[in-house]
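Okay, here's what each chain looks like letter by letter:
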Amino acid sequence: HRELAELREIIFRQTADETGEEKVNEGIFPYEDQKDIIVFGGHDTWLKTFRQLLSGKIKYVGREQNFDVSMIRFADTVWIQPNAISHAQYYKIMDAVRKYNKPIHYFQFASAAKCAEQIYLDEILLY
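Overview of the structure. These figures come from a predicted structure and were not determined experimentally.

Turning to the sheet that holds strand β4 (residues 59-61), a few remarks are in order. An order of β4-β2-β5-β6 is seen for the 4 strands of this open sheet, with the pairing classed as parallel. The strands lining the two open edges of the sheet, one partner per strand, are β4 and β6 (104-106). Neighbour-to-neighbour, the strand axes of this sheet turn through a mean angle of 20°, independent of strand direction. When strand β2 (residues 37-41) meets β4, the two strands line up parallel, connected through 3 bridges.

Shown next as structure tokens:
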């Protein structure tokens, strides 16, 4: 149900025609996450900006990059940038997420700064 709610939020934000401006909260970033996170997808420029905002145990898998499903097995959380990911990669991720019963989240913005803020907020709300 949580996954469906996140997907609905993505659709709502896309139809609301957000500007997607790259505004970074200077007080938060760069932030070092405390969980083992895997981020899938994202364009090269998005990923470059995103890496500057977050560090720690986070692993990045680009939109065209192959990956070993065992990465998901040892992750605490999986995040997907649905704006830039192939269908084949998405289905492979979903199969592994279901197999290992891992929480999955979707980035709701095209902005790397807003996506990094999503991870930050998810992490501080869970601790």
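Don't stop here, the text continues.
In this section: the packing of aromatic side chains. Evaluation of the coordinates by the stated rule reveals 9 aromatic pairs. Seen from their ring centres, W46 and F50 are 4.6 Å apart, and the 15° between their planes marks the pair as stacked. Of this pair, W46 and F50 both sit in helix α2 (residues 44-53), 4 residues apart, which is roughly one turn of the helix. Comparing W46 with F50, the two get one shared label, buried. Here the aromatic cluster, defined as three or more aromatic residues joined through ring pairs, consists of W46, F50, Y60, W79 and F107. In this structure, K92 packs its charged tip against the face of F67, placed 4.6 Å from the ring centre. When the ring centre of F109 is taken as reference, the NZ or CZ atom of K114 above it lies at 5.2 Å.

We now examine the environment of K102. Within the fold, K102 resides in the loop between α4 (87-100) and β6. Considered as a pair, K102 and F74 are 28 residues apart in the sequence and their alpha carbons are 9.3 Å apart. A distance of 3.2 Å separates the side chain of K102 from the backbone oxygen of R73, its partner in a polar contact. A polar contact of 2.9 Å, which involves the side chain of K102, links it to the backbone oxygen of A75.

What follows concerns α2. Residues of α2 that are buried: W46, L47, F50 and L53. On an axial view of α2, the arc spanned by its buried residues comes to 120°, and they lie on one face. Those residues of α2 that are exposed and aimed more than 90 degrees away from the buried face are D44, T45, K48 and Q52.

Our next topic: the pairing of strand β5 (residues 77-81). A large share of β5 lies buried, amounting to 5 of its 5 residues. Where burial is concerned, the two faces of β5 agree: the one with T77, W79 and Q81 and the one with V78 and I80 are both buried. Two elements, β2 and β5, share 5 bridges in a ladder whose sense is parallel. Each residue of the ladder has a partner; that of I37, found in β5, is T77. Where β5 meets β6, 3 bridges bridge the pair, whose relative direction is parallel.

So, how was this worked out
Residues numbered from 1 in each chain as written. Predicted model: local features only at pLDDT ≥ 70, side-chain atom pairs only at ≥ 80, totals over all residues. Heavy atoms only, no water. Pairing = 2+ DSSP bridges. Helix = DSSP H or I, 4+ residues; strand = E, 2+ residues; numbered from the N terminus. Axes fitted to C-alpha atoms, helices over the stretch in contact; angles between N-to-C directions. Phe/Tyr/Trp six-rings, centres within 6.5 Å; stacked < 30°, edge-to-face > 60°. Buried < 20%, exposed > 50% of the residue type's maximum accessible area, 1.4 Å probe, protein only. Lys NZ or Arg CZ within 6 Å of the ring centre and 35° of its normal. Polar contact = N/O pair within 3.5 Å; in protein donor to acceptor, adjacent residues only side chain to side chain. Arc of directions from axis to C-beta.

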